[in-house]
Amino acid sequence: MTRYAVAGGDFYQPLEPTRAVEEHRLLWPAIVAWASAGAVIWFYGGGLAVHAGLAAGLIAAVAVLWWAYGAGQSGLSAGVGSAAGAVAWLRCRQMANHPLSVELGRRIDVVGRVEGSPRMLEHSMMLQLGIDGVPGTVPCFAPGLSLDEVHRGDFLTAAAVAQPSTRPGLVSVTCRLSEIQVVQASDPWAWIRGRLAQAAGRVLSSEHAGLFGGMAIGDTSGQSAQQRQVFIDTGLSHLSAVSGANVAIVLGTVVALLGTQAPKVRAVAAAISLAVFIAVVGTEASVIRAGIVGSVAVVTMVSDRRTQPAHTLFLAVIAMVILDPGMALNYGFALSVVATGGIILLTPVLLRSIFRILPRIPMPWAQLLAVTLAADLSTMPIIALMAGRTSLVSLIANLLAGPAVPPVTILGLIATLTACVNTTAASLIIELTRPFLWWINTVADILGKQPWATTHIPAQWLGLGLAWMLYALLWHDRSRERTSDSGRRTLPGRTSTRGHHHPGQTTTTPRHRPAHHPAARRRSNVERNV
């Protein structure tokens, strides 16, 4: 990785050649693990020939890696790929033997826990139900229930009729529930969420309270279907769900407040904050993804050696697909990984291009523009494949709403802790988020109502076009860098401002001495002795 010169400082630190290799040594193992888990789930039940084909594909991939990168990369890829595939096969077999899969179309009595926030549809309520023996949450439809009757963390007993799911995944059924009886859960954190909702309802409108609940603790039950659709059309739906951005803001705040403490003290405090945050928010898929990335970040903080962002991303991918193989075919997982990878890869390049076009732009705005553009470009094909439409206003919407997100997240965390003691004091803190919530809602409403806000572009053509555009951008940037470096000539003993230094920072180029010079002979002897 190269260090890029930008106004106000360097964006990434330089890597030695060996460090650059270490940073990407988990790239192919992560790809192989992801592909192995996804392929096993997709083709499970295809018979012996299909399983033999999957094994042959894994062997071929490992052989190619051995030929291209050596035994280390191929061995590690074979190990994690086999582990991910084996765990996926066991989970698929567990699902296939469950009564919901065996008794399709028949009535079965089930007991489950509501995971995540229930959502009201046109004729029924949709909720994710965690049922014993099912390797994941089951999408269930419960006609006749209201949001006042069931909450996240509640236990249900119901009669379920299972039907095959139309989406590929580890959980291959959906259920329609009847004769539902709600039993309040013994979740020790449920009362905190209830007190926070009570405090927010005192000072915020229903629209703002729903958005605050989603941004603070991932509770989207207070959002209407129309509000959710507007946020989807404008590319702001990630704000109303707990993601890696929320974890980054929480951990960043804790680390900043303890900036004078030792790294291990900051890591312990960050780990405790992360555990409390996940416990309060819940254990749905997006929270688990964000929590794993946060855990890797905490481990990095106490490590003696510096771990680069790409290495952390690849390690998180391997951990998630092995712990939960269903992530391999999950749109949310793909969006998280691709967005993070796009930010790591494209942000330095886009930052250089932004400063070429707008040399006087402030550094915070340049970084916000580069990160937003990198995430949007990377995730456009997946969003088009998932939703069938592409947002044309997501970039401007995220740029306008982005500065208002950290205050809501931080104040929401403070209000959550305060609500444990006094809901009135929590209401006063939530009151401070009103202008930020108003601004985010205004941006979404204005841009979402435009007739050109979304358009239909086939995902394959969009992905192909973006791939060529990103390749051209990277190739152009590398070409300019090589041309710029080869064109610079510095006289001995004169000052030089190389592209990887801070603006205005100078270094002295060592004077070139002939071989017979005494200093040159001394240096040669030292190198020979070493």
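Conventions adopted
- Residues numbered from 1 in each chain as written.
- Predicted model: local features only at pLDDT ≥ 70, side-chain atom pairs only at ≥ 80, totals over all residues.
- Heavy atoms only, no water.
- Helix = DSSP H or I, 4+ residues; strand = E, 2+ residues; numbered from the N terminus.
- Buried < 20%, exposed > 50% of the residue type's maximum accessible area, 1.4 Å probe, protein only.
- Contact = heavy atoms within 4.5 Å.
- Areas by Shrake-Rupley, 256 points an atom, 1.4 Å probe, with all protein chains shown as cover.
- Core = buried A, V, L, I, M, F, W, Y, C linked by side-chain atoms within 4.5 Å.
- Salt bridge = Lys/Arg side-chain N within 4 Å of Asp/Glu carboxyl O.
- Phe/Tyr/Trp six-rings, centres within 6.5 Å; stacked < 30°, edge-to-face > 60°.
- Pairing = 2+ DSSP bridges.
- Axes fitted to C-alpha atoms, helices over the stretch in contact; angles between N-to-C directions.
- Expected span 1.5 Å × (residues − 1).
- 1 Å grid on protein atoms, 1.4 Å probe; cavity = no way out; pocket = protein on both sides within 12 Å on 5 of 7 lines; lining within 4 Å.
- Points joined across faces, edges and corners; volume = space filled by probe spheres on them.
- Nonpolar A, V, L, I, M, F, W, Y, C, P; charged D, E, K, R; others polar.
- Parallel < 35°, antiparallel > 145°, perpendicular 65-115°, else oblique.
- pLDDT = per-residue confidence, 0-100.

1. Digging into the overall build of the chain
1) Next: Within the chain, the secondary structure is distributed over 20 helices and 11 strands.
2) Next: Counting over 530 residues, the chain shows a buried share of 41%.
3) Next: A separation of at least 24 residues holds for 70% of the contacts in the chain among residues at least 6 apart in sequence.
4) Next: Only carbon and sulfur atoms are counted for the fraction: they give 64% of the accessible area of the chain, which is about 27,500 Å².

2. Some words on the nonpolar core
1) Next: In this structure, L204, F212, M215, L236, I430, L437 and I440 are the most contacted members of the largest nonpolar core, which totals 44 residues.
2) Next: Looking at this core, the element that brings in the most residues is helix α10 (residues 263-281), giving six residues.
3) Next: Setting aside its immediate chain neighbours within four residues, L204 contacts A209, F212, I430, R434 and L437.
4) Next: Ranked by size, the runner-up nonpolar core spans 24 residues in total, among them C92, M320, M327 and I344.

3. Here we look at the pattern of salt bridges
1) Next: Tallied over the full model, the rule gives four salt bridges.
2) Next: Across the salt bridge formed by R106 and E103, the nearest N and O atoms sit 2.9 Å from each other.
3) Next: Classification of R106 by relative accessible area gives exposed; the value is 54%.
4) Next: In this structure, R113 and E115 form a salt bridge, with 3.2 Å as the shortest nitrogen-oxygen distance.
5) Next: The class for R113 is partly exposed, based on a relative accessible area of 22%.
6) Next: With a relative accessible area of 17%, E115 lands in the buried category.

4. Remarks on the packing of aromatic side chains
1) Next: A complete count under the given rule lists three aromatic pairs for this structure.
2) Next: Between W34 and F333 the ring centres are 4.9 Å apart and the planes differ by 70°, which places this aromatic pair in the edge-to-face class. In this pair, W34 is assigned in helix α2 (residues 27-43) and F333 in helix α13 (residues 331-357), connecting sequence segments 299 residues apart.

5. Structural notes on the pairing of strand β5 (residues 137-142)
1) Next: When strand β4 (residues 125-131) meets β5, the two strands line up antiparallel, connected through six bridges. The residue bridging L127 from the neighbouring strand is C140, located in β5.
2) Next: Count of turn residues in the β4/β5 antiparallel hairpin: five residues, of which G133 carries a positive phi of about 90°.
3) Next: Of the pairings in the sheet, the one linking β5 to strand β7 (residues 173-183) comprises two bridges and is parallel in character.

6. Here we look at the sheet that holds strand β6 (residues 155-164)
1) Next: Strand order in the closed barrel formed by five strands is β3-β4-β5-β7-β6, and the pairing between neighbours is mixed. When strand polarity is set aside, the average angle formed by the axes of neighbouring strands in this sheet is 55°.

7. Points about the pairing of β4
1) Next: By the criterion of burial, β4 is predominantly enclosed, with five of the seven residues buried.
2) Next: Once strand β3 (residues 107-120) ends, the chain turns through four residues before running back antiparallel as β4.

8. Considering α2
Owing to its 3.6 residues per turn, the α-helix aligns residues three or four sequence positions apart on the same side.
1) Next: Taking 1.5 Å of rise per residue, 17 residues should cover 24 Å, and α2 covers 24 Å from first to last C-alpha, within 8% of that figure.
2) Next: Taken together, the buried positions of α2 are P29, A30, V32, A33, S36, A37, G38, V40 and I41.
3) Next: Tucked into the core, α2 has its buried residues touching α3 (48-69), α4 (71-96) and α12 (309-323).
4) Next: Positive phi shows up at G45, right after α2, with a value of about 90°.

9. Section: empty space enclosed by the protein
1) Next: Evaluated as defined, the whole model comprises two cavities of 30 Å³ or more.
2) Next: If you add up the space inside the largest cavity, you get close to 70 Å³.
3) Next: Taken together, A216, I217, V276, F277, V280, V281, T409, G412, L413, T416 and L417 make up the full set of residues lining the largest cavity.
4) Next: Every element with two or more residues in the lining of the largest cavity is listed here: α7 (206-217), α10 and α16 (405-419).
5) Next: If one sorts the elements of the lining of the largest cavity by residue count, α16 sits on top with five residues.
6) Next: Considered class by class, the residues forming the lining of the largest cavity number eight nonpolar, three polar and no charged.

10. Things to note about the environment of I108
1) Next: Tracing the backbone shows I108 in strand β3.
2) Next: On the basis of relative accessible area, I108 is assigned to the buried category, the value being 15%.
3) Next: C-alpha separation for the pair I108 and A158, spaced 50 residues apart in sequence, amounts to 8.3 Å.
4) Next: Residue contacts for I108: discarding those within four places in its chain leaves P99, L100, E103, A158, A159 and A160.

11. Thoughts on the packing of α16 against helix α17 (residues 423-431)
1) Next: Their axes nearest at 8 Å, the elements α16 and α17 cross at an angle of 170°. In this view, α16 runs roughly antiparallel relative to α17, as classed from their interaxial angle. Where α16 abuts α17, its residues L411, I414, A415, T418 and A419 lie against T423, A425, A426, I429 and I430.
2) Next: Split by residue class, the contact of α16 with α17 holds eight nonpolar, two polar and no charged.

12. Concerning the confidence of the model for the chain
1) Next: Put simply, the chain has an average pLDDT of 76, and 75% of its residues get 70 or more.
2) Next: Low confidence marks residues 487-513, where pLDDT is under 50. Its contacts with residues over four positions away, or in another chain, come to 36 contacts.
3) Next: Taken together, the stretch residues 515-530 has pLDDT below 50 and engages in five contacts with residues farther than four places along the chain or on a different chain.

13. Brief notes about the environment of T390
1) Next: By secondary structure assignment, the location of T390 is in strand β8 (residues 390-391).
2) Next: The class of T390 is buried, set by a relative accessible area of 4%.
3) Next: In the structure, T390 is positioned 156 residues away from T234 in sequence and 9.4 Å away in space, judged by C-alpha atoms.

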